[in-house]
Amino acid sequence: MNGAWHRRHPMPKSPTLDRRLQWHVEHAKFCGCRAMPASIAKEMKRRETDARDVPAHLRALPAAAKRRMRNLRSTLLSVVPGGVDGFSYRMPCVRLNGNVVVWYGAFTSHTSLFPMTERIRKAHAKALAGLETAKGTVRFPLERPLPVSLVRRLVRARLAEMT
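The structure reproduced in this document is the subject of the present report.

Quick notes on the rules
- Residues numbered from 1 in each chain as written.
- Predicted model: local features only at pLDDT ≥ 70, side-chain atom pairs only at ≥ 80, totals over all residues.
- Heavy atoms only, no water.
- Helix = DSSP H or I, 4+ residues; strand = E, 2+ residues; numbered from the N terminus.
- Buried < 20%, exposed > 50% of the residue type's maximum accessible area, 1.4 Å probe, protein only.
- Contact = heavy atoms within 4.5 Å.
- Core = buried A, V, L, I, M, F, W, Y, C linked by side-chain atoms within 4.5 Å.
- Pairing = 2+ DSSP bridges.
- Axes fitted to C-alpha atoms, helices over the stretch in contact; angles between N-to-C directions.
- Parallel < 35°, antiparallel > 145°, perpendicular 65-115°, else oblique.
- Left-handed = near helix turned anticlockwise from the far one by under 90°.
- Nonpolar A, V, L, I, M, F, W, Y, C, P; charged D, E, K, R; others polar.

### Here's the deal with the overall build of the protein
Link 1 in the chain: Broken down by element type, the protein carries 7 helices and 6 strands.
Link 2 in the chain: Along the protein, helices and strands appear, N-terminal first, in the series α-α-α-α-β-β-β-β-α-α-β-β-α.
Link 3 in the chain: With the C-alpha coordinates aligned to their principal axes, the bounding extent of the protein is approximately 60 × 35 × 20 Å.
Link 4 in the chain: When burial is assessed residue by residue, the protein has 37% of its 163 residues classed as buried.
Link 5 in the chain: Pairs at least 24 apart in sequence give 48% of the contacts found in the protein among residues at least 6 apart.

Here it is in structure tokens:
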């Protein structure tokens with residue numbers, strides 16, 4: 001056991017899942033006095049698979065949807081500090097601290113952002129006028145440019161709801 005490393009790098013009290021993962025990676029690299037817990041290794045494998053699945057999913061889309069989804073993905077990741085790619089319910093998503101912030105999906109004639117709660121939809125009703133909304137979703141038609149500033153505002157509202 002590398003006691004000096006452990007004294008300099010204690011596991012934080014009440015760490016987030018992301019912080020626990022980071023600590024265990026550093027531990028394996030610099031100390032390695034014991035094996036990584038199975039639950040941590042499983043979560044790391046799941047996240048690694050999730051992150052690889054998103055680009056593969058986007059590559060398989062038709063050209064118009066692919067361009068829109070790449071734009072949407074980069075916008076979402078830019079708004080969520082520390083956000084990472086994920087894949088859940090057969091859709092790409094952005095996770096923060098292990099929790100899904102938003103899902104996004106491509107369909108025949110539109111892309112969608114989920115979940116957009118009733119409170120978010122009501123707060124942004126004027127900006128959402130002209131877009132199709134439904135319980136939990138906002139749809140962006142492929143034939144119109146993606147309203148990036150609106151997407152940013154919606155995701156910031158979603159982040160605020162989560163805290």
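### As for the nonpolar core
Link 1 in the chain: In this structure, Leu76, Leu113, Phe140, Leu154 and Val155 are the most contacted members of the largest nonpolar core, which totals 27 residues.
Link 2 in the chain: A total of 6 residues in this core trace back to one element, the largest contributor, which is helix H7 (residues 148–162).
Link 3 in the chain: In this structure, Leu154 is in contact with Leu113, Met116, Ile120, His124, Leu128, Val138 and Phe140, ignoring residues within four places of it in sequence.
Link 4 in the chain: Formed by 5 residues, the second largest nonpolar core is a distinct cluster that contains Met91, Cys93, Trp103 and Phe114.

### Examining the pairing of strand S3 (residues 99–106)
Link 1 in the chain: Most of S3 is tucked away, with 6 of its 8 residues classed as buried.
Link 2 in the chain: Bridge analysis of strand S2 (residues 91–96) against S3 gives 4 bridges, and the strand direction is antiparallel. What sits directly across from Cys93, in S3, is Trp103.
Link 3 in the chain: Hairpin connection, S2 to S3: the antiparallel pair is bridged by 2 residues, and Asn97 has positive phi, about 55°.
Link 4 in the chain: The turn linking S3 back onto strand S4 (residues 110–116) is made up of 3 residues.

### Description of the packing of helix H4 (residues 63–79) against H7
Link 1 in the chain: Here H4 crosses H7 at 45°, and the two axes come no closer than 10 Å. Here H7 runs oblique to H4, going by the angle between their axes. With respect to the hand of their crossing, H4 and H7 are arranged in right-handed fashion. Between H4, through Asn71, Leu72, Thr75, Leu76, Ser78 and Val79, and H7, the contact on the second element is made entirely by Val148, Val151, Arg152, Val155, Arg156 and Leu159.
Link 2 in the chain: In terms of residue class, the contact of H4 with H7 is built from 7 nonpolar, 3 polar and 2 charged.

### Section: the sheet that holds S3
Link 1 in the chain: Judged by pairing direction, the sheet is antiparallel, and its 6 strands sit side by side in the order S1-S2-S3-S4-S6-S5 without closing on themselves. The open sheet is flanked by strand S1 (84–88) and strand S5 (132–134), the only strands paired with a single partner. Averaged over all adjacent pairs, the angle separating strand axes in this sheet is 25°, with direction ignored.
Link 2 in the chain: In this sheet, strand S6 (residues 136–141) lies alongside S5 in antiparallel orientation, the contact comprising 3 bridges. When the sheet's bridge partners are listed, Thr133 is paired in S6 with Val138.
Link 3 in the chain: Along the sheet, H4 makes contact with S1, S2, S3, S4 and S6, crossing S3 at roughly 160°.

### Focus on the environment of Leu76
Link 1 in the chain: Tracing the backbone through its elements, the reader meets Leu76 in helix H4.
Link 2 in the chain: Of the residues examined, Leu76 reaches a relative accessible area of 0% and is grouped as buried.
Link 3 in the chain: Between the C-alpha atom of Leu76 and that of Trp5, which follows or precedes it by 71 residues, the distance is 37 Å.
Link 4 in the chain: Those residues in contact with Leu76, other than ones at most four positions away along the chain, are Val94, Val102, Tyr104, Leu113, Val151 and Val155.

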